[in-house]
Amino acid sequence: MGTAVGSWQGATLAWVLVLLAGAGALENGLARTPTMGWLHWERFLCSTDCALEPLSCVSEQLFMQMADLMVSDGWKDVGYEYVCIDDCWMSLTRDHQDRLQPDPERFPSGIRKLADYVHSKGLKLGIYGDVGNKTCAGFPGSYGYYDLDAQTFADWGVDLLKFDGCNYGTQDQLAEGYRNMSLALNKTGRSIVYSCEWPLYMRPMQKPNYTEIKHYCNHWRNFADIYDAWNSVKNTLEWTALHQDSIVDVAGPGGWNDPDMLVIGNFGLSWDQQLTQMALWAIMAAPLLMSNDLRHISPQAKWLLQNKDVIAINQDPLGKQGYRITKDNNFELWERPLSGGAYAVAVMNRQEIGGPQIFSFSTSFLGNGLACNPACSIQQILPTSEDWGLHNWVSFLNTEVNPTGTVLLKVVVIGESPAEKPVMNINKKPSPDIL
Ligand code: GAL
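In this report, we go over the structure that sits alongside the text. Note that this is a predicted model, so its numbers are computed, not measured.

Scoring rules and cut-offs
- Residues numbered from 1 in each chain as written.
- Predicted model: local features only at pLDDT ≥ 70, side-chain atom pairs only at ≥ 80, totals over all residues.
- Heavy atoms only, no water.
- Helix = DSSP H or I, 4+ residues; strand = E, 2+ residues; numbered from the N terminus.
- Buried < 20%, exposed > 50% of the residue type's maximum accessible area, 1.4 Å probe, protein only.
- Pairing = 2+ DSSP bridges.
- Core = buried A, V, L, I, M, F, W, Y, C linked by side-chain atoms within 4.5 Å.
- Domains from an automatic or database assignment.
- Contact = heavy atoms within 4.5 Å.
- Disulfide = S-S within 2.5 Å.
- Axes fitted to C-alpha atoms, helices over the stretch in contact; angles between N-to-C directions.
- Parallel < 35°, antiparallel > 145°, perpendicular 65-115°, else oblique.
- Left-handed = near helix turned anticlockwise from the far one by under 90°.
- Nonpolar A, V, L, I, M, F, W, Y, C, P; charged D, E, K, R; others polar.
- Salt bridge = Lys/Arg side-chain N within 4 Å of Asp/Glu carboxyl O.
- Near = heavy atom within 4 Å.
- Polar contact = N/O pair within 3.5 Å; in protein donor to acceptor, adjacent residues only side chain to side chain.

### What about unusual backbone geometry?
Then, number 1: Along the chain, N373 connects to P374 via a cis peptide bond; the corresponding omega equals 5°.
Then, number 2: That bond from L382 to P383 is cis: its omega, 5°, falls within 30 degrees of zero.
Then, number 3: Position of P383 among the secondary structure elements: in the loop between β13 (375-382) and β14 (386-392).
Then, number 4: One non-glycine residue with positive phi stands out, namely L45, at about 45°.

Laid out in structure tokens, this is it:
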């Protein structure tokens, strides 16, 4: 993890890197791959009554418990690192020096102590603020206090800021606010991942300028809040596919599109739908921020969220976001270019009636015809790990997919040299039909 650019020399270096990269990403050295962690919002919302709901109110105890479990239950080992507080952590008023302060009943030890605790576990702490006058839940916003709030977060040892866009005033104030908070965080000299919702609030009035947004933010929400429901996951995917021409190319190391939290391990998604969320969040190079209760999570959901092969696709160092190649009746075919000329491929069945359906497609669809040219090996990653063997540029793949489920594949190209010349494997499922 790099350090934030605080000095003049550091800033100059950052600009050189920006010019070399040519992408204009926020060069604070952070989020080189999509952020992984846990965020309280979708599961715990704004539960503030600890007398009524002692186990689920937004309190220091909740975050300490999640931090403990992230280490003891293997989450940290597979890459989940940031324990993030969302809205409703604050006191309704600032302190006598105008600084934000946590609710004294629910965070009696203060955020500095909580950050120390999280750091002692080898994890990082995320916090939440808002660009406008008030947060979405009505707590104090940062408008007029960007420098002070950034410094307060840095003094506390915070490592990520989710900056919401409620109650922002004019469009100019929204944009200025997001820019100023980015600069304020940078000025503190602390490495703080900057998670924005700028394009989400901007889009109804104005088309977002993603080059500029990437210059200021490490990731950014584009679309409505995720719910623990298939409709919500489905709509998020559809929105992303419909806007892929304007949002996919901008994503890369240092700046990512954020389709919102993973809701796997909760109540609303069937197993197949959970597979779809995990597979497609990997294809989309999305931040993997789980919002679930790590104290009560099924072994199945844990297996999926901790699946190293899927995480490796999500965290692929090439840092290219995937896209939908085609939508054919009820099937969608997505791919993501990976390092080494490989591709991740997702076949999703959107049909919500009947049983498993077979989707047949030619490998020539993949990677603009290059993914299996002249040959490739295919590994199925989800729903289960299976070796599909060797195929070539004229193979047809028959993929059986459950309703609302997804089959995720990794396709590795094999070169033409005699040593690597493939032997077609016709015994492995699905059998390749040679044209
Ligand atoms: C929404 C935001 C959610 C959550 C909520 C808190 O605007 O998109 O992710 O942070 O505010 O009030």
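Next comes the rest of the write-up.
### What about the pairing of β13?
Then, number 1: For β13, the tally of buried residues reaches 6 of 8 residues, placing the bulk of the element in the interior.
Then, number 2: Strand direction decides the pairing type here: β13 and β14, joined by 6 bridges, are antiparallel. Bridge pairing in β14 places A375 opposite N392.
Then, number 3: The turn linking β13 back onto β14 is made up of 3 residues.
Then, number 4: As defined by bridge partners, β13 adjoins strand β16 (residues 406-414) across 7 bridges and the pair is classed as antiparallel. Residue pairing across strands places C376 opposite V413, the latter belonging to β16.

### Looking at the nonpolar core
Then, number 1: By size, the foremost hydrophobic cluster in this structure holds 109 residues, and its most contacted members are Y80 and W89.
Then, number 2: The biggest single contributor to this core is helix α11 (residues 271-283), with 7 residues.
Then, number 3: A domain-level breakdown of this core finds at least three residues from each of domain 1 (36-315) and domain 2 (323-414).
Then, number 4: In contact with Y80, not counting residues within four places along its chain, are M36, G37, M70, W75, L123, L262, M278, L288, M290, L305 and I311.

### A short note on the state of the cysteines
Then, number 1: This structure, assessed with the given rule, holds 5 disulfides.
Then, number 2: Residue C136 pairs covalently with C166 via a disulfide, S to S 2.1 Å. Residues C136 and C166 are joined by a disulfide whose S-S torsion is about 100°; by sign, that bridge is right-handed. On the criterion of sequence distance, the pair formed by C136 in the loop between β3 (124-130) and α5 (146-156) and C166 in the loop between β4 (160-164) and α6 (171-188) is long-range, its members being 30 residues apart.
Then, number 3: Of the residues examined, C166 reaches a relative accessible area of 17% and is grouped as buried.
Then, number 4: With its sulfur 2.1 Å from that of its partner, C196 forms a disulfide with C217. Taking the sign of the S-S torsion, -95° for the link of C196 and C217, the bridge is left-handed.

### As for the side chain of T399
Then, number 1: Following the sequence through the fold, T399 ends up in strand β15 (residues 396-401).
Then, number 2: Excluding anything up to four places from it in sequence, T399 contacts V347, Q357, I358, F359, F361, W388 and V407.

### Considering the sheet that holds strand β10 (residues 331-337)
Then, number 1: Sheet architecture is open: 6 strands sit in the order β9-β10-β11-β16-β13-β14, paired in antiparallel fashion. The sheet is open, and its two borders are formed by β9 (323-328) and β14, each paired with just one other strand. Averaged over all neighbouring strand pairs, the angle between strand axes comes to 20°, with direction disregarded.
Then, number 2: Packing against the sheet, helix α9 (residues 230-242) makes contact with β9, β10 and β11 (343-349), and its axis sits at approximately 105° to β9.

### A word on the packing of α5 against α6
Then, number 1: Contact geometry for α5 and α6: axes closest at 8 Å, N-to-C directions at 40°. One way to sum up the angle between α5 and α6 is to call them oblique. Where α5 crosses over α6, the handedness of that crossing is right-handed. Judged by residue contacts, Y146, D147, D149, A150, Q151, F153 and A154 of α5 engage G177, N180, M181, A184, L185, K187 and T188 from α6.
Then, number 2: The residue inventory of the contact of α5 with α6, partitioned by class, reads 7 nonpolar, 4 polar and 3 charged.

### Digging into the pattern of salt bridges
Where charged atoms from two side chains of opposite charge come close, those side chains can pair.
Then, number 1: Under the counting rule described, the total for this entry stands at 21 salt bridges.
Then, number 2: Close ionic contact of E238 with R350 constitutes a salt bridge, the shortest N to O distance being 2.9 Å. One end of the pair, E238, is in helix α9; the other, R350, is in the loop between β11 and β12 (357-362), with 112 residues separating them in the sequence.

### A closer look at the environment of P299
Then, number 1: On the secondary structure map, P299 appears in helix α12 (residues 299-305).
Then, number 2: Separated by 34 residues in sequence, P299 and G265 place their C-alpha atoms 9.2 Å apart.

### Quick look at the site of the ligand
Then, number 1: Close contacts around the ligand come from W41, D86, D87, Y128, C136, A137, K162, D164, E197, Y201, R221 and D225, and that covers them all.
Then, number 2: Note that an oxygen atom of the ligand is positioned 2.7 Å from one of the side-chain N or O atoms of K162.
Then, number 3: Grouping the constituent residues of the shell around the ligand by class yields 5 nonpolar, no polar and 7 charged.

None of this, on its own, says anything about what the molecule does.
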